Amino acid sequence: METTNKKNNILDREENFHDHWADSINIDEVIVDELFEASTSPENRIIIKKIGNIKGKKILELGCGAGEASVYFAKKGAEVTATDISNGMLEVVQKLAKEHNVTLLTKQSVSDNIDFGDETFDIVYAANLLHHVDILSTLREVARVLKKGGGLVSWDPIAHNPMINAYRKMATEVRTRDEHPIKMKQLKLFSKYFSSIETETTWLFTLWIFIRFFFMDRIHPNKERYWKKILREHKKLEKTYYRLEKLDKFFLKVFPFLKRYCWNIVIIAKK
């Protein structure tokens, strides 16, 4: 009973946080294409390259937030279902879909009890979700609703970077108290439900951009979400980002132990 109550309390906090966030969203300011094509969105650039043509594919997005990814997939011809714990966010998704002249299905759902039948989807997409939920039970449900040969594509923050951990301690108003960034040892959990797993890490030397936001631009993490700012200002940041990304690729190849100190990890898991 205590475990159930604890889980329910966490879900309530997550729902309330994201409902409140949804109330503050201006549809005209939500960017879609940049989330997958901007220089400062390496995670989704990796994912799009991996999954290829998605026209006609059935895609489930877990924890869709404002729905940028779901709308992007729909624009590329996929049959998309967007789910989230927050009804407020799902209302935003439908408005965003209308703004971009696409249709998709929305449904309120939690990740460890997905309200769809076995082997329903070709792809499950989850961005910044796993560090909010119980990973093992979520992976079990994802594997259940994926068709044979289907795949989970996801990306989340990693737990081991000291600078990002300091950032998290400051950004108390724009993140939930129950977040638990991914630890590298947790990657072994995927093998329980998936036959193969590929990973790539992003943002090492490129985190200089965050340092500049804080020390030079004097932007406090509670005043502006850095992960949104890098997308809005991607054109201005592009040259700097790509120079630093070259350093990232070189050092992560030569010194692979540095991967644990990146900001994010992309995970491609095949059923």
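This text goes with the structure placed above it.
Here is what the cut-offs are and how they apply
Residues numbered from 1 in each chain as written. Predicted model: local features only at pLDDT ≥ 70, side-chain atom pairs only at ≥ 80, totals over all residues. Heavy atoms only, no water. Helix = DSSP H or I, 4+ residues; strand = E, 2+ residues; numbered from the N terminus. Rg over C-alpha atoms; globule rule 2.2 N^0.38 Å. Buried < 20%, exposed > 50% of the residue type's maximum accessible area, 1.4 Å probe, protein only. Areas by Shrake-Rupley, 256 points an atom, 1.4 Å probe, with all protein chains shown as cover. Lys, Arg positive; Asp, Glu negative; His and termini not counted. Charge placed at Lys NZ, Arg CZ, Asp CG, Glu CD. Polar contact = N/O pair within 3.5 Å; in protein donor to acceptor, adjacent residues only side chain to side chain. Contact = heavy atoms within 4.5 Å. Pairing = 2+ DSSP bridges. Right-handed = clockwise from strand over helix to strand, strands pointing away. Axes fitted to C-alpha atoms, helices over the stretch in contact; angles between N-to-C directions. Phe/Tyr/Trp six-rings, centres within 6.5 Å; stacked < 30°, edge-to-face > 60°. Lys NZ or Arg CZ within 6 Å of the ring centre and 35° of its normal.

### A short note on the overall build of the protein chain
Helix and strand content of the protein chain: ten helices and seven strands. In terms of overall dimensions, the protein chain is globule-like: its C-alpha atoms have a radius of gyration of 18 Å, near the 18 Å expected for 271 residues. Taking the principal axes of the C-alpha coordinates as reference, the protein chain spans close to 50 × 45 × 40 Å. Out of the 271 residues in the protein chain, the part that is buried amounts to 51%. Counting every atom, the protein chain has about 13900 Å² of accessible surface; 51% of that belongs to carbon and sulfur. Each charge class in the protein chain can be summarised by its mean position, and for the 44 positive and 37 negative side chains these summaries are 7 Å apart.

### Side note on the side chain of Asp 122
Structurally, Asp 122 is set in strand E4 (residues 121-127). Take Asp 122: its relative accessible area is 18%, and that puts it in the buried class. Polar side-chain contacts of Asp 122 include one of 3.4 Å to the side chain of Lys 147. When residues no more than four places from it in sequence are discounted, the contact partners of Asp 122 are Lys 57, Lys 58, Leu 146, Lys 147, Gly 150 and Gly 151.

### Considerations on helix H3 (residues 42-51)
The complete set of buried residues in H3 reads Pro 42, Glu 43, Asn 44, Ile 46, Ile 47 and Ile 51. Looking at the packing, one finds that the buried side of H3 touches helix H2 (34-37), E4, strand E5 (146-157), strand E6 (196-202), helix H10 (234-254) and strand E7 (264-270). At the exit of H3 stands Gly 52, carrying a positive phi of roughly 70°.

### Some details on the pairing of strand E2 (residues 79-84)
Most of E2 sits inside the fold, with five of its six residues counted as buried. Two elements, strand E1 (residues 58-62) and E2, share five bridges in a ladder whose sense is parallel. Considered in E2, the bridge of Leu 62 is made with Thr 83. Handedness of the crossover is the feature at issue here: the chain leaves E1, passes through helix H4 (residues 68-75), returns alongside E2, and the resulting connection is right-handed. Alignment of E2 against strand E3 (residues 105-108), held across four bridges, turns out to be parallel.

### Considering the sheet that holds E1
Two modes of strand pairing occur in sheets, parallel and antiparallel, and in both the strands are linked by backbone hydrogen bonds. Strand order in the open sheet made by the seven strands is E3-E2-E1-E4-E5-E7-E6, with mixed pairing throughout. Among the strands making up the open sheet, the edge pair consists of E3 and E6. Neighbour-to-neighbour, the strand axes of this sheet turn through a mean angle of 15°, independent of strand direction. Note: E5 against E7, seven bridges, orientation antiparallel. Across the sheet, Trp 155 pairs through a bridge with Val 266, a residue of E7.

### Remarks on the packing of aromatic side chains
For the coordinates displayed, the defined rule picks out 23 aromatic pairs. Relative to Tyr 72, the ring of Phe 36 has its centre 4.3 Å away and its plane inclined at 10°; by these criteria the two rings are stacked. Placement of the pair is Phe 36 in helix H2 and Tyr 72 in helix H4, with a sequence separation of 36 residues. Side by side, Phe 36 and Tyr 72 carry an identical accessibility label, which is buried. An aromatic cluster is built from Tyr 167, Trp 203, Phe 210, Phe 213, Tyr 226, Tyr 241, Tyr 242 and Trp 263, whose rings are joined through pairwise contacts. Here the guanidinium or amino end of Lys 107 rests over the ring plane of Phe 116, the centre of that ring lying 4.5 Å away. Against the face of Trp 21 rests Arg 225, its NZ or CZ located 3.8 Å from the ring centre.

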